[in-house]
Amino acid sequence: MATTTAPGAAPQEVRPRPARPRTFSGIKPSGEPHLGTYLGAVKRWVEMQDEYDNFFCIVDLHAVTVPQDPAALRRRTRELAAFYVAAGIDTAKSTILVQGHVPAHAELGWILNCITPMGWLERMTQFKDKSAKEGDNRERISAGLFDYPVLMAADILLYDARYVPVGDDQRQHVELTRDIAERFNRLYGETLVVPEAVIAETGARIMGLEDPTQKMSKSEDLPGQAIGVFDNPGVIRRNVMRATTDSGREVRFDPSRPGIYNLLTIYEVLSGESRPAIEARFEGKGYGDFKRALADLVLDVLTPIQERSRQLLTSGEVDDILRQGAERAAPVAGATLLRVKRAMGLA
Ligand code: ATP
Ligand code: LTN
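None of the values given here were measured: they were computed from a predicted structure. Per-chain numbering applies: the sequence of each chain, read as written, is numbered from 1 onward. Chain letters start at A and ligand numbers start at 1, both assigned in the order the entries are written. Side-chain atom pairs in this predicted model are given and counted only at pLDDT of 80 or more, local residue features only at pLDDT of at least 70, and totals for whole chains, interfaces and linings cover all residues. Side-chain descriptors were evaluated using all non-hydrogen atoms of the structure, hydrogens and water having been removed beforehand.

As for the site of ligand 2
Whether a residue is near a molecule or strand depends on its heavy atoms: if one lies within 4 Å, it is near. Taken together, 13 residues form the shell around ligand 2, and within it His62, Tyr148, Met152, Asp155 and Gln170 come nearest. What qualifies as a polar contact is a pair of N or O atoms within 3.5 Å, subject to a donor-acceptor requirement within protein and to the restriction that residues adjacent in sequence count only when both atoms come from side chains. Within the side chain of tyrosine 148, one N or O atom sits 2.5 Å away from an oxygen atom of ligand 2. Within the contact set of ligand 2, a nitrogen atom lies 2.6 Å away from a side-chain nitrogen or oxygen of aspartate 155. Here the open area of atoms and residues is found with the Shrake-Rupley method and a 1.4 Å probe, where only the protein chains shown may cover a residue. Here ligand 2, which alone exposes 370 Å², has 93% of that area covered by the protein. Top element by residues in the shell around ligand 2 is helix α7 (residues 143–158). It accounts for four residues. Only runs of H or I of at least four residues qualify as helices and only runs of E of at least two qualify as strands under DSSP, and these elements are numbered from the N terminus.

As structure tokens, this is what we get:
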């Protein structure tokens, strides 16, 4: 770890200087994690983790911007942590933490609220989309949903993260984080590291299986839209076979055919094969053969992850990982918070 501060000790004012550049990213425990979250986020984290000093978060405080059942939230928080580990996040290289276990997130969130103009938040497309789903009814949309990107900025800035590996839908929130950090630094002097989004060229926007014009999402109402990473094999196979495709036959990467293009993209990211190699493999075969091969591939990847997740959850290992994660994260976050407070005259 980059800091020498012992867990529980008073945070020191020194800026933590990690030997490797920092990364920070997170996922909400608000629904079942799906293949889009895996391909757009977790798989990339696993691939990048050797080069960086990583903090991967389960952002429970973001989940409660919309109503959550308490028991389900508790269960999903543990399951998501188990999924991170089972998918390959190595706690020797990366810290896994629950956002709500480190109070500095909420505290810096409040402070940054006070330097973030309302106008910046009003331009966030995710807020516009999510509030449109509620009929733009201001009585039903929480202030937390509006304010959500400021808490995300606090998450990232607390760890002096240089890189934020996310899916394409989070690009605007990382840009906002940069604006907030720059504004803080202008107002109070160089204090915060200005981060950058890291977005893959392929797989950063996996589309739904039923409606391939919409992002695969856990808050979608269409039952076959997402492949849940914990779904059972029968459900996964059925949903892949039923995925919406056009009436063509050729298995080719053609962006004007969004259904088959999306399935091929999933195949590409999961297999690591090149597009020409994939097209050659399915030359002369129909959509049915391709879908069967895709379902096999998805199951080859997800089945061991599901088994390992189950072990981590039943053994209680995941709870130890999260306890240790909070202990490692708290001093790093605490040091940044203290720097911010000193700069503003709050400490
Ligand atoms: P919701 O749609 O309910 O807001 P979500 O399904 O987008 O949730 P998040 O927790 O918001 O899930 O996303 C976690 C990470 O996964 C983010 O980095 C996000 O960009 C990425 N991600 C989510 N969905 C996709 C997708 N369909 N394709 C690629 N990346 C995705
Ligand atoms: N807003 C993100 C989740 C998120 C996040 C973060 C991602 C919260 N804090 C910090 C990266 C870094 C989402 O909706 N997927």
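Having seen the model, we can carry on.
Things to note about the pattern of salt bridges
Whenever a carboxyl oxygen of Asp or Glu lies within 4 Å of a side-chain nitrogen of Lys or Arg, that contact is scored as a salt bridge. One pass over the full model with this rule turns up 25 salt bridges. Between lysine 93 and aspartate 90 there is a salt bridge, with the nearest N and O atoms lying 3.8 Å from each other. With a relative accessible area of 29%, aspartate 90 lands in the partly exposed category. A salt bridge links arginine 171 to aspartate 168; the shortest N-O distance between them is 2.9 Å. Throughout this description, buried means an accessible area under 20% of the type-specific maximum (1.4 Å probe, protein chains only), exposed means over 50%, and partly exposed covers the range between. Using a relative accessible area of 44% as the deciding quantity, one classes arginine 171 as partly exposed. You can call aspartate 168 partly exposed: its relative accessible area is 25%. Several salt bridges share partner residues, and in doing so they unite Glu32, Arg75, Arg76 and Glu79 into one network.

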